[in-house]
Amino acid sequence: MTLPAVFLNIPLAHRALHDLAAGRPENSRAAVRAAVDAGLGIEIDLQLSADGKPMVFHDYGLERLTEEQGAVRLRDASALAAIPLKGGDEGIPTLEDILDLVAGRVPLLVEFKDQDGAMGPDVGALEAAAAELLGRYRGDLAVMSFNPHSVRALARLLPEVPRGLTTSAYRPDEWPLPAATCDRLREIPDYADSGSCFISHEADDLSRSRVAELKAEGAAVLCWTIRSQAEEEIARKVAQNVTFEDYLPRPRP
């Protein structure tokens, strides 16, 4: 399996084309509509509701992005949909909402947030719920997760959908994980047995030798998160595409 070329040719708007000043919160319908209108790829995040619905939302908790508090997974999808996102006039969207909005018009990269809490094997419910929808989707689609167990679950559930690992320098002071877990994940040991065909790597760690090794072996290399044209030019010395926010990338030749 290889990542379709469209994921290498069209920059990916991080959490869709969000801009609070323009009334487009991250992972919102408004941000998705703006990305589609601009012909840009879209990266979104998934969390699970209490009633087992995949919600397009980055954080585990509601506090940063809404006026509510508490964990996303403790509320039903209908309750989450009624919570306005800060800076916008719409509630938290479901995955089904976003799939209907994109409708195959631009490439869509879906990140499954770790549900285990420790990058461990206690995953599956979010992947299974999302797979029901993603399996029927018609359009350029790829899936990824920081948690290798999640990627393995996606390999079983969506064997025809390109999948990859979201990867990082895993600096222990930046992650709520044991140092030993960070040390292991940093070297991307699960790439082959998770059936991945790409990584999306932390931009300021692209010089890591393991990234070069995977690229030489045929892995596609995306990166996150790029916030200026200058950063993009540096990242593209290694990465084949960027996940961006806070600026609009120049068209590629």
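Look up a bit, the structure's there.
From a predicted model like this one, the values you see are computed outputs, not experimental measurements. (Residues numbered from 1 in each chain as written. Predicted model: local features only at pLDDT ≥ 70, side-chain atom pairs only at ≥ 80, totals over all residues. Heavy atoms only, no water.)

*Asks:* Honestly, helix α7 (residues 179–186) in this entry has me stumped. Any pointers?
*Replies:* Side chains that are three or four residues apart share a direction in an α-helix, a result of its 3.6 residues per turn. Every buried residue of α7 is accounted for by Cys-182, Leu-185 and Arg-186. Taken end-on, α7 shows its buried residues confined to a sector of 100°, consistent with a single buried face. The secondary structure elements touched by the buried residues of α7 are α6 (148–157). Taken from the residues just after α7, Ile-188 is the one with a positive phi, measuring 50°. (Buried < 20%, exposed > 50% of the residue type's maximum accessible area, 1.4 Å probe, protein only. Helix = DSSP H or I, 4+ residues; strand = E, 2+ residues; numbered from the N terminus. Arc of directions from axis to C-beta. Contact = heavy atoms within 4.5 Å.)

*Asks:* Would you explain the packing of aromatic side chains in this entry?
*Replies:* Given two aromatic rings, one states the distance between the centres and the angle between the planes to describe the pair. Applying the stated criterion to the full structure yields 5 aromatic pairs. Aromatic pair Phe-146 and Trp-224: ring centres 5.9 Å apart, planes at 85°, arrangement edge-to-face. On the criterion of sequence distance, the pair formed by Phe-146 in the loop between β5 (141–145) and α6 and Trp-224 in strand β8 (residues 220–226) is long-range, its members being 78 residues apart. An aromatic cluster is defined as three or more aromatic residues linked by ring pairs; in this entry it consists of Phe-146, Tyr-170, Trp-175 and Trp-224. (Phe/Tyr/Trp six-rings, centres within 6.5 Å; stacked < 30°, edge-to-face > 60°.)

*Asks:* Is there a simple way to explain the packing of helix α5 (residues 125–134) against α6 in this structure?
*Replies:* A packed helix pair is summarised by two numbers, namely the angle formed by the two axes and the spacing between the axes. Orientation of α5 relative to α6, taken along the N-to-C sense of each, is 35°, at an axis distance of 10 Å. The element α5 and its partner α6 pack so that their crossing is right-handed. Of α6, the residues touching α5 (which contributes Glu-127, Ala-128 and Ala-131) are Ser-150, Ala-153, Leu-154 and Leu-157. Tallied by class, residues from the contact of α5 with α6 come to 5 nonpolar, 1 polar and 1 charged. (Axes fitted to C-alpha atoms, helices over the stretch in contact; angles between N-to-C directions. Left-handed = near helix turned anticlockwise from the far one by under 90°. Nonpolar A, V, L, I, M, F, W, Y, C, P; charged D, E, K, R; others polar.)

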